[in-house]
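# Inside the fold
Residue strings, one per chain:
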Amino acid sequence: MDSQLLTHDSVADYLAGMTRVTELVARHLAADSPSTGATVADLAPRVAAVDLDRPAVDLDSALAEVGDLYLRDAVWFHHPSYVAHLNCPVTLPAVLAEGILAAVNTSVDTWDQSAGGTLIEQRLVDWTAERIGLGGQADGVFTSGGTQSNLQALVLARGEAMGDLRGEAATAHRARLRVLTTAHAHFSVLKATRVMGLAEDAVIDVPTDASGRMRPDALRRELDALRERGEVAMAVSATAGTTDLGAVDPLRELAAICADHGVWLHVDAAYGGGLLASRRRRHLLEGIERADSVTVDFHKTWFQPVSSSAVIVADGRTLRHVTHHADYLNPRTSVAPNLVDKSMQTTRRFDALKLWLTLRVVGADAVGEMFDEVIDRAREVYDVLVEDERFEVAAEPVLSTVLMRYRPEGLSAEDADHLAPRIRHELLGSGDVMVAGTTIDGRAWLKFTLLNPHTPLEHLRGILETIARTGEDLRAEDAADEELLGGDLSADDLTEVIR
Ligand SMILES: *Cc1c(COP(=O)(O)O)cnc(C)c1O
């Protein structure tokens, strides 16, 4: 039996295999579009046809199969025409670190499975807390992503809000817990309250200003109102960089209000967390140092491979709300640092090594500059758009997203609403350009999320031309269809006809 286990006996195969894999990925990295636009119908039968009961004849044929089923049609985030979601190109040192941590297979849950790995993760947690400005009691842990970081932060907030209540009193109190956030917050906040079994109406959307930021006066009012209703504010979940607009809630004002009311302030900086490394825009996060908990997604604006995120808390003692001592793993008597004491996971990847090697090779300043670059670029794209009469822009960019749509003179807002998703769909189908779409206050927009610092403005201008051309073509088709049908069709009918 050829077990193919990675041991000291397989070093030669390991080196040869890594070379093959690197060559394979390198070949596909050179792809001339971010995607092939392959559909489920294209790919599903090919994946289904693989006989998993019998292995391929050798590594080369298995790799060729991976190339065929996956890499050829993969979506490449480093490609300059990928401007869709919050996915980043990744630093080379982080990818190399991924190779190390997978090969060693460290699990950072306990000291006796990780040794130096535990200390490296802890250093990065401490370093991040220091960048946030949280003070000497701060602590935290790496997680699988912003969703998990937000969930854990809210679990800790609930632990604090519940205090020592037990039994029926606890049940009654739990039903009264509320989380205040905004309609622009990430859906993982709502999901967390569902997972935690809080009330159906546990999430209160605090009104926002015109730029999508939580209004401090409205927060005060909501806090007073819920208290009058006999409810309990468990946490305020502010966002530092909303997923669509990049809006940063006014953290300093919100922190002051939370302090007045004794409410836990969580800051979801999954997107804006990259500003912690910025030398030009760190001030946008002012007030974050007064948070009780902070979510930072390294796999977004720190150019790390998925997964890499952290939840950082001002008072490390609050992490006890996720602690469980198991005799076999982390007994109460253990004096060694066991990160499982602070995590919702048990077996856990040593993702911290990727950030570590990035900071040691690229450096924090350069990482921050990469984020600053894409924020600069978003502003430049905005400047281009406001001068171009074929386009409408939703808002001035704050971070690296730009929301716009094709709306030449004479096209109604409603027709532009119908056209935006169709343009996006056309582009996705071609695979040549990938943009995101969203709706704000019922209006449909196309969204650029810029995270590749090497993409020049000229290239983005080219994407705008493609969008405009696609919009023109669709309108011409609609006009032709209308003539064909001889009727007075609404945009809705036309969408149906085209389906
Ligand atoms: C992406 C994002 C999340 C979710 O993070 P994942 O890493 O995708 O789980 C949460 N909040 C905000 C603001 C985000 O942008």
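Reference entry: report on the structure contained in this document. (Residues numbered from 1 in each chain as written. Predicted model: local features only at pLDDT ≥ 70, side-chain atom pairs only at ≥ 80, totals over all residues. Heavy atoms only, no water.)

### Description of the overall build of the chain
- When you go through the chain residue by residue, the secondary structure sums to 17 helices and 12 strands.
- Relative to the compact-globule value of 23 Å for 499 residues, the chain shows a C-alpha radius of gyration of 25 Å, a close match.
- For the chain, the C-alpha atoms occupy an extent of roughly 80 × 70 × 45 Å along the three principal directions.
- A total of 499 residues make up the chain; the buried ones form 49% of that total.
- Residue pairs at least 24 apart in sequence account for 72% of intrachain contacts in the chain once pairs closer than 6 positions are excluded.
- When the 48 positive and 77 negative side-chain charges of the chain are each reduced to one mean point, those points stand 6 Å apart. (Helix = DSSP H or I, 4+ residues; strand = E, 2+ residues; numbered from the N terminus. Rg over C-alpha atoms; globule rule 2.2 N^0.38 Å. Buried < 20%, exposed > 50% of the residue type's maximum accessible area, 1.4 Å probe, protein only. Contact = heavy atoms within 4.5 Å. Lys, Arg positive; Asp, Glu negative; His and termini not counted. Charge placed at Lys NZ, Arg CZ, Asp CG, Glu CD.)

### With respect to the pairing of strand S12 (residues 443-449)
- Across the 7 residues of S12, 6 count as buried, placing the element largely inside the fold.
- Pairing between strand S10 (residues 401-406) and S12: 4 bridges, direction antiparallel. The residue bridging valine 402 from the neighbouring strand is phenylalanine 448, located in S12.
- Two elements, strand S11 (residues 434-440) and S12, share 5 bridges in a ladder whose sense is antiparallel. (Pairing = 2+ DSSP bridges.)

### Some details on the sheet that holds strand S6 (residues 264-269)
- In spatial order, the strands read S2-S8-S7-S6-S5-S3-S4; together these 7 strands make up an open sheet with mixed pairing. On the outer flanks of this sheet lie strand S2 (139-143) and strand S4 (203-205), each paired with one strand and no other. Within this sheet the neighbouring strands show an average axis-to-axis angle of 20°, counted without direction.
- Pairing of strand S3 (residues 177-181) with strand S5 (residues 232-239), which is carried by 4 bridges, proceeds in the parallel orientation. The residue bridging leucine 180 from the neighbouring strand is valine 236, located in S5. (Axes fitted to C-alpha atoms, helices over the stretch in contact; angles between N-to-C directions.)

### Examining helix H1 (residues 11-29)
- The first and last C-alpha atoms of H1 sit 27 Å apart over 19 residues, in line with the 27 Å expected at 1.5 Å per residue.
- Within H1 the residues assigned to the buried category are Gly17, Leu24 and His28. Along the long axis of H1, the arc covered by the buried residues comes to 35°, so they all point the same way. The exposed residues of H1 that point more than 90 degrees off its buried face are Ala12 and Leu15.
- In the core, the buried residues of H1 are packed alongside helix H3 (59-71). (Expected span 1.5 Å × (residues − 1). Arc of directions from axis to C-beta.)

### Concerning the pattern of salt bridges
- The tally for this structure, following the rule as stated, stands at 44 salt bridges.
- The shortest N-O distance in the salt bridge between glutamate 373 and arginine 377 comes to 3.3 Å. With glutamate 373 and arginine 377 both in helix H14 (residues 364-387) and 4 residues apart, the pair spans about one turn of that helix.
- By relative accessible area, glutamate 373 is classed as partly exposed at 26%. (Salt bridge = Lys/Arg side-chain N within 4 Å of Asp/Glu carboxyl O.)

### Some remarks on the site of the ligand
- Around the ligand, the structure places 14 residues, and the nearest of them are Gly146, Thr147, Asp268, Asp297 and Lys300.
- Here an oxygen atom of the ligand sits 3.2 Å away from a polar atom, N or O, in the side chain of threonine 243.
- Take aspartate 297: an N or O atom from its side chain is 2.7 Å from an oxygen atom of the ligand.
- Taking 380 Å² as the accessible area of the ligand by itself, protein coverage stands at 86%.
- Looking at the shell around the ligand, the elements that each hand over two or more residues are helix H7 (146-162) and helix H12 (298-301).
- Looking at the shell around the ligand, the element that brings in the most residues is H7, giving 3 residues. (Near = heavy atom within 4 Å. Polar contact = N/O pair within 3.5 Å; in protein donor to acceptor, adjacent residues only side chain to side chain. Areas by Shrake-Rupley, 256 points an atom, 1.4 Å probe, with all protein chains shown as cover.)

### Here's the deal with the sheet that holds S12
- Across the sheet, 5 strands lie side by side as S1-S11-S12-S10-S9; this open sheet has mixed pairing. Lying at the two open borders of the sheet, with one neighbouring strand each, are strand S1 (82-83) and strand S9 (391-393).
- Inspection of the sheet shows S9 paired to S10 by 3 bridges, in the antiparallel sense. Along S10, the bridge assignment pairs valine 393 with methionine 404.
- The sheet contacts of H14 involve S9, S10 and S12, and relative to S10 the element is tilted by about 20°.
- Across the sheet, helix H16 (residues 457-485) touches S1, S9, S10, S11 and S12, and the angle it forms with S10 is around 30°.

### Quick word on the nonpolar core
- Phe448 and Ile467 are the most contacted members of the largest nonpolar core, which has 93 residues in total.
- The element contributing the most residues to this core is H14, with 11 residues.
- For phenylalanine 448, the contacting residues outside a window of four places in its chain are Val83, Val381, Ser400, Thr401, Val402, Met404, Val435, Leu460, Ile463, Leu464 and Ile467.
- Judged by nonpolar contacts, the second largest core, of 21 residues, contains Leu154, Val155, Ala192 and Ala202. (Core = buried A, V, L, I, M, F, W, Y, C linked by side-chain atoms within 4.5 Å.)

### Overview of the packing of aromatic side chains
- According to the stated counting rule, one finds 6 aromatic pairs in the structure shown.
- Centroid distance phenylalanine 77 to tyrosine 82: 4.9 Å. Interplanar angle 55°. Geometry classified as tilted.
- On the accessibility criterion, phenylalanine 77 (28% relative accessible area) is partly exposed.
- The class for tyrosine 82 is buried, based on a relative accessible area of 7%.
- Residues phenylalanine 391 and tyrosine 406 carry aromatic rings whose centres are separated by 6.4 Å and whose planes lie at 75° to one another, so their mutual orientation is edge-to-face. Of the two residues, phenylalanine 391 is situated in strand S9 and tyrosine 406 in strand S10; the sequence distance between them amounts to 15 residues.
- Given the relative accessible area of 8%, phenylalanine 391 is considered buried.
- Note on tyrosine 406: relative accessible area 4%, which makes it buried.
- Feature note: the residues Trp127, Phe142, Phe298 and Trp302 constitute an aromatic cluster, connected by ring pairs.
- Arginine 405 extends its terminal NZ or CZ atom over the ring of tryptophan 445, reaching a point 4.7 Å from the ring centre. (Phe/Tyr/Trp six-rings, centres within 6.5 Å; stacked < 30°, edge-to-face > 60°. Lys NZ or Arg CZ within 6 Å of the ring centre and 35° of its normal.)

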